[in-house]
Structures are given as structure tokens and as C-alpha cells.
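The chain contents come next:
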Amino acid sequence: MRRMERPTRVLLIAGLVVYAVYLAGHFWSPISDLATVGWCAIVLAWIFRVRYYIVEKHICRHLVSGGVMLLLLFAFRILRYRTSGVFPTFGRYMWYGYYIPFIILPVLGLFMALCIGLPDEESFVRMRPFRIRMWVISGIMLAFVFTNDIHGWLIDFSEEALLTGEGAHSYGFLQYPVVIWMAGLTLIAFIILMHRCRVSGCRQRWYIPATVYVVGTVLYAAYYINGGNSPVLFGVKLYLIQEVCLLLFLGVCEACIDIGLIPSNSGYLRIFELSDWNVTIADQKGNRVFSSGNLKGVTPGLLRASLEGSKAVGSGRLLTSFPINGGLAGWVSNVSELESINERIRENTQELEMENGVIRESESLRLKRAAFETQNRLYDSIIPIVTPQLTMIRDLLKDPDEEKLFSAMVLSVFVKRRFNLAIVTDNSDIADISELWLAIRETVEVLQDTGISAYIGTCGHTDVQADSMLAGYDFFETVIEQAIPGMKSIFVTLGVKNESPELRILIDAGKTLRFDAPIIERMRRLGARIDTEYEDDTYAVSLSFGEGGMRL
């Protein structure tokens, strides 16, 4: 079970403290107004929280407006009780002022619930006629409230109450439409929120806002069943109607933020935009919605065309994309380095061909002899490492089918690239991390050819420890071997930390991943750290060196 977010815990603790002060005010009158000030402080802090941490601006506006209504409610409470004895008429209108938040808060809650899941512009365009009608009805109800001194349909004050501000009063028939308005809109907003929970990723935690709503509704019902007065225990009023309003609006909204129904923390989008991943998320027409890095030259048409195969975007850049729910995602790979390597190889070949034939043949013979000796030595050292994969390939090809051939292809890539890495790191304690990137990328390309959504981020040239680079590739192969068959998608990023490679793998394997004792022991000897996280059918596996420990 995911822990409650820190801001939610702080608000909850602050609310309990203020409620304790409210109860203490019944026994020590000097602090009777301190609880009201405390509620105002909590609401003000919550307004600043949603103002800076709610992603959707149209939802944020409704939440902030609701917080302002709660501040007005508590301000009217202080003014009513402190002025009614001196200025009866002013105190009476402060009482009428209660109905401003009572009538408007449910409307704001309903608008907020309807906006969840809708884009900013679309929500306002689609809701404009409905919003106008709701505000007109609210204005008419408030007009009847503030003309109560003329008709007395809402509250009927006795002569004593009119003159002194204190005395008997009774509620008129207009009170029922107000209560029905409050309860009805609140219930409708709650039902919409529960529906949004059902179709979102937070559906497993729907009970949190539901519990807050049920508790608030019970407190409301107890208040009106008691004749519009707070229940009393041992001569102490347990709560006032303003606290119930705060619990329902602020509590339910904060619960929705906590479970992720209301998107929060807009900084994540900014981080994505400032990253150098060269990744874009687009709609079904190819129009970019979110982008990061250098995507110059990437047009909607090119994005759609790259669904069928990678497309060139200028010199040394390759665009690849795959479909996602509601659109597509694409990324640009920098292949200029590979092209440069190929060009240098062609130039060197031409220069060698211009050399003297005798010298060339002599040098070739010497190189072949040295390569043969090196190869024999390397083969002797590498064969024990790849023997399990060779055995698996042999067994898979005894009775091949499409799935076994795919697994054999992946294992063959590892065997080939493991030999290459052994050659690169031979007689050297350091190696270029781009060699590891090329090895992993070849496996990724094989996965892509078989229809699996696979991607590896770009990586530059940096020298790293050779033994940690080999261990990183062996660890990557361990993850791949466990994931196939049944792998659905994989995302690999490779970086450098503490002069060692840092590998992170996001993989949807469709089954549990486990690491055997030999690979764990080898990682421990090298001072590596393996971290695994699992959420929403996706594993996040990371390998880093020099962290001083291991966590599985």
C-alpha cells in the first residue's frame, strides 16, 4: 500500500491539532476564536499548495476558488458571533453570508469533478452553457437569501432576535431547496469522481475519497437531524457546520490529489521538456503533444511514416516510432557517430590498398598470426562464460518453432557481442562505454524486428572500468533471458557514474524476474548495486557500481 503523501499528512495533523483547540475552547474561552483562525490558516496553506502543485490549470482554478469560499465561511463566522450583539443587522447579514459558500462550494466541486480528464480548452468550451445556467441558479438563490428580511422565507427571526441579535428563530421553506441543492450537487460530484477513479490508474484506492465523503455526509446528516445544531457530548458541541464543509471539500479534494486522480506537480513535465532524450509523444495525427531534446525536422507526416520503419531526419539522425494508446511515441537516434566510423573504415581501407603489396602481405600475415594467438587465448577464457547460452541455442534448435528461433537469435547476439567485448577489453583496465551501448543496441534491434517495443537511449564516449562494463552486459543478458519469451516492451538507458557504467532497464516481462546466486555474487564482488521496483506490470531494474551495497 502506498504511503500518504507528506503534504496530506501535514494537513491531517494540523487539522487534528486545530480540532483539539476547538474542543479546548469550550473549557477556556480566551482561545475560543483560535480554532477558527487555525482553520483559516489550514485553508490558506492548502490554497498555496494547489496553486503551485496542480498540473491542470482549470482544475486548479476551481480548487483555489473553493478554498476562498471556505475562508469566507470562517470569516463570516467570526464576524457574526462578534458583532451580532452590537450590530444586530450586520450580524444577521453575516449569517446570510454563510449561504454564499454553502451554495457556491457544491457548484465548484461539480465543475472540478467534470473537468478531470478533459483538456483545459475543451472543458471550458463544452461546459460553458452548463456553467452559465448553474451560476444563474446560484445567483437567484443568493438573491432570495439576502432579501430574507423582506419575505422571511429562509429564516424567521423573533422580535428579540431582530433587536438584539440573539433570540429565537426558525427556518422557513426556502431552507429545503438550499439543503437539497447542497446535498444533490455534492452527491453528483462524488459519483463523477468515483467514475473517474474507475477508469483511471488510481481505481484501487477509490475508497480513500469515498471514506472522507461518507464521514462528512454522516456529520451533515447528524447536524440537520439535530434540528440544525451540532450534536452535544458532555455539554460540548462536537463540531459546527463550517468544519463539515471544510472536511467535505478540502478533504475529498486532497484525497483525490493524494491518490493521483487530480494530476499534481507540474515540474515533471518541465523536466521532460528539458531532458535530452529526443523523445516526442504525439496524437493520432502525428501532432506533437510533449517533446524533449532536439526534434528538428520531425513532422507529423514523418512521425506517422516511421511507424512502418525508421526514417532519416537530416544527416546522422534516425527517427523511430511506435503506436501507443491514443497516439504514438517517437524518438530520434544519433547515428552520425556510426556513419563517421564507417567512413573512417572506408578511408583506411583505401590507404591500405595503396601500400606496397609485399609490405601489406607481410603485415597482414603478422596481424593474422597475432590475431590468431589472441583469438585462441580469448576463446579459451570466454568459452566457459558463453557455454550456457551455446547449450541453450543447441537445445532450442533441436525442435525449432518461431518462438524458439527468436530466443536463439537473442542468445546468438549475446554470444557474438560478448566475444567482441572480450576483444575490446583485452589487456586493458578501461574501455569506451560506447562498446557496451553498441552491444545492447544490437539486442534491442533484434527485439524490435520481432515486434517488441524496444528502445535504448543515446550514449556518448566515456572511459569506464572494463570489468564493470563486462559485468553490466552479463547482467543485461540475465534480465533478457528471464524476460523472453513473453516480453512486451523494454526501455534501456546507459550512463556513467563513478567511472563505471550505470544501467537502467524498464521492462514489461509479463512474469516475475529473479536473479540467481552467481550473478548476485559477481555483482557484490565488484561493489555493484542492483535495485528493482515493480509497479503496474512494469519492472524498473537498475545496476550501478561503487554504491556500497545491494538491494533486491
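Everything below is about the structure shown above.
The rules behind the values
Each chain has its residues counted from 1, following the order in which its sequence is written. Selection of residues for local features in this predicted model requires a pLDDT of at least 70, selection of side-chain atom pairs for listing and counting requires 80 or more, and totals for whole chains, interfaces and linings are taken over all residues. Derived side-chain values reflect all non-hydrogen atoms in the structure, with water molecules and hydrogen atoms excluded from consideration. In this scheme Phe, Tyr and Trp rings, the latter by its six-membered ring, pair at centre separations within 6.5 Å, and the angle between planes marks the pair as stacked below 30 degrees, edge-to-face above 60, and tilted otherwise. Only DSSP runs of H or I reaching four residues or more are called helices, and only runs of E reaching two or more are called strands; each is numbered from the N terminus. The buried label goes to any residue with under 20% of its type's maximum accessible area, the exposed label to any with over 50%, and the partly exposed label to all in between, with areas taken from a 1.4 Å probe on protein chains only. Cation placement over rings: the criterion is NZ of Lys or CZ of Arg within 6 Å of the ring centroid and within 35° of the ring normal. Expected span of a helix, by definition, is 1.5 Å for each gap between consecutive residues, and there is one gap fewer than residues. Only residues whose relative accessible area exceeds 30% and that take part in no salt bridge are eligible for patches, with like-charged residues grouped when within 9 Å of each other and nonpolar side chains (Val, Leu, Ile, Met, Phe, Trp, Tyr) grouped when within 5 Å. Each accessible area value is a Shrake-Rupley result obtained with a 1.4 Å probe; residue values ignore everything except the protein chains displayed when judging cover. A pairing counts as a salt bridge when a side-chain nitrogen of Lys or Arg comes within 4 Å of a carboxyl oxygen of Asp or Glu. Contacts described as polar in this section are N or O atom pairs within 3.5 Å, which, within protein, must combine one atom able to donate a hydrogen with one able to accept it, while residues neighboring in sequence count only if both atoms come from side chains. To get an axis, fit a line to the C-alpha atoms, keeping to the stretch in contact for a helix; angles then go from 0 to 180 degrees between the N-to-C directions. Small angles under 35 degrees read as roughly parallel and large ones over 145 as roughly antiparallel, with 65 to 115 read as roughly perpendicular and the rest as oblique. In this analysis, two residues are considered to be in contact whenever any of their non-hydrogen atoms come within 4.5 Å of each other. Amino acids outside the nonpolar list (Ala, Val, Leu, Ile, Met, Phe, Trp, Tyr, Cys, Pro) and the charged list (Asp, Glu, Lys, Arg) are all regarded as polar, and Gly is one of them. Strand pairing follows a simple DSSP-based rule, namely that at least 2 bridges must link the two strands. By convention a nonpolar core is built from buried Ala, Val, Leu, Ile, Met, Phe, Trp, Tyr and Cys residues, the set being connected through side-chain atoms within 4.5 Å.

### Structural notes on the packing of aromatic side chains
Under the criterion given, the structure shown has 13 aromatic pairs. Considering the side-chain rings of F190 and Y213, the 4.0 Å spacing of their centres and the 5° angle between planes classify their relative orientation as stacked. Of this pair, F190 sits in helix α9 (residues 175-198) while Y213 is found in helix α10 (residues 207-225), placing the two residues 23 residues apart along the sequence. Residue classification places Y213 among the buried residues on the basis of a relative accessible area of 10%. Judged by centre distance (5.0 Å) and plane angle (35°), the ring pair of Y455 and F491 falls under tilted. Here F491 lies in strand β13 (residues 489-497) and Y455 lies in strand β11 (residues 453-456), a separation of 36 residues in the sequence. Classification of Y455 by relative accessible area gives buried; the value is 6%. Connected via pairs of aromatic rings, a cluster forms that spans Y98, Y99 and F102. Lying over the aromatic face of F111, R131 brings its terminal NZ or CZ to 5.1 Å of the ring centre.

### A short note on helix α5 (residues 99-115)
For α5, built from 17 residues, the straight-helix expectation of 24 Å at 1.5 Å per residue is met to within 8% by its first-to-last C-alpha distance of 25 Å. A positive backbone phi angle near 90° is found at G117, which sits one or two residues after α5.

### Considering a nonpolar patch on the surface
Nonpolar side chains collect at one region of the surface, where I132, V136, I140, F144, W153, F173, Y176 and I180 lie side by side and expose about 850 Å² of accessible area between them. Of all the secondary structure elements, the ones that give two or more residues to the nonpolar patch are α6 (120-146) and α9. Residue contributions to the nonpolar patch peak at four residues, all from α6. Judged by relative accessible area, Y176 falls into the exposed class, the value being 58%.

### Here's the deal with the pattern of salt bridges
If you walk through the whole model with that rule in mind, you get eight salt bridges. Between E254 and R49 there is a salt bridge; the shortest N-O distance is 2.9 Å. Here R49 lies in helix α2 (residues 34-53) and E254 lies in helix α11 (residues 241-259), a separation of 205 residues in the sequence. The pair formed by E254 and R49 is uniform in burial state, with each residue classed as buried. Close ionic contact of E442 with R417 constitutes a salt bridge, the shortest N to O distance being 2.6 Å. Here E442, found in helix α17 (residues 433-449), pairs with R417, found in helix α16 (residues 402-424); they are 25 residues apart in sequence, far enough to count as distant. Across the pair, exposure class does not vary: E442 and R417 are buried alike. Residues joined in a network through salt bridges with shared partners are R394, D395 and K398.

### What to know about the side chain of D531
The topology assignment puts D531 in strand β15 (residues 528-535). Polar side-chain contacts of D531 include one of 3.0 Å to the side chain of R529.

### Considering the packing of α16 against α17
One can describe the packing of α16 onto α17 by two numbers: an axis separation of 10 Å at closest approach and a directional angle of 170°. With respect to their mutual orientation, α16 and α17 come out roughly antiparallel. Contacts between α16 and α17 pair F406, M409, V410, V413, K416, R417, L421 and V424 from the former with E435, L436, L438, A439, E442, T443, V446 and L447 from the latter. In terms of residue class, the contact of α16 with α17 is built from 11 nonpolar, one polar and four charged.

### What to know about the pairing of strand β16 (residues 538-545)
The buried fraction of β16 is high, at seven of eight residues. Here eight bridges tie β15 to β16, and the two strands are oriented antiparallel to one another. Bridging across to β16, T532 finds its partner in V541. The loop that links β15 with its antiparallel partner β16 comprises two residues; one of these, D536, has a positive phi angle of about 55°.

### Quick word on the nonpolar core
Judged by nonpolar contacts, the single largest core of 76 residues is most densely connected at L63, Y99 and I262. At 13 residues, the largest contribution of residues to this core is made by α5. In this structure, Y99 is in contact with L142, V145, L154, I155, Y171, Q175 and V178, ignoring residues within four places of it in sequence. Core analysis: the next-biggest nonpolar cluster, separate from the first, contains 56 residues, L396, A422, V444 and I520 among them.

### Observations concerning the packing of α10 against α11
Across the interface, α10 lies against α11 with an axial gap of 8 Å and an inter-helix angle of 170°. Considered as vectors, α10 and α11 are oriented roughly antiparallel to each other. Contacts between α10 and α11 pair I208, P209, V212, Y213, V215, G216, T217, L219, Y220, Y223 and Y224 from the former with I241, V244, C245, L247, L248, G251, V252, A255, C256 and I259 from the latter. Looking at the contact of α10 with α11 residue by residue, the classes come out as 18 nonpolar, three polar and no charged.

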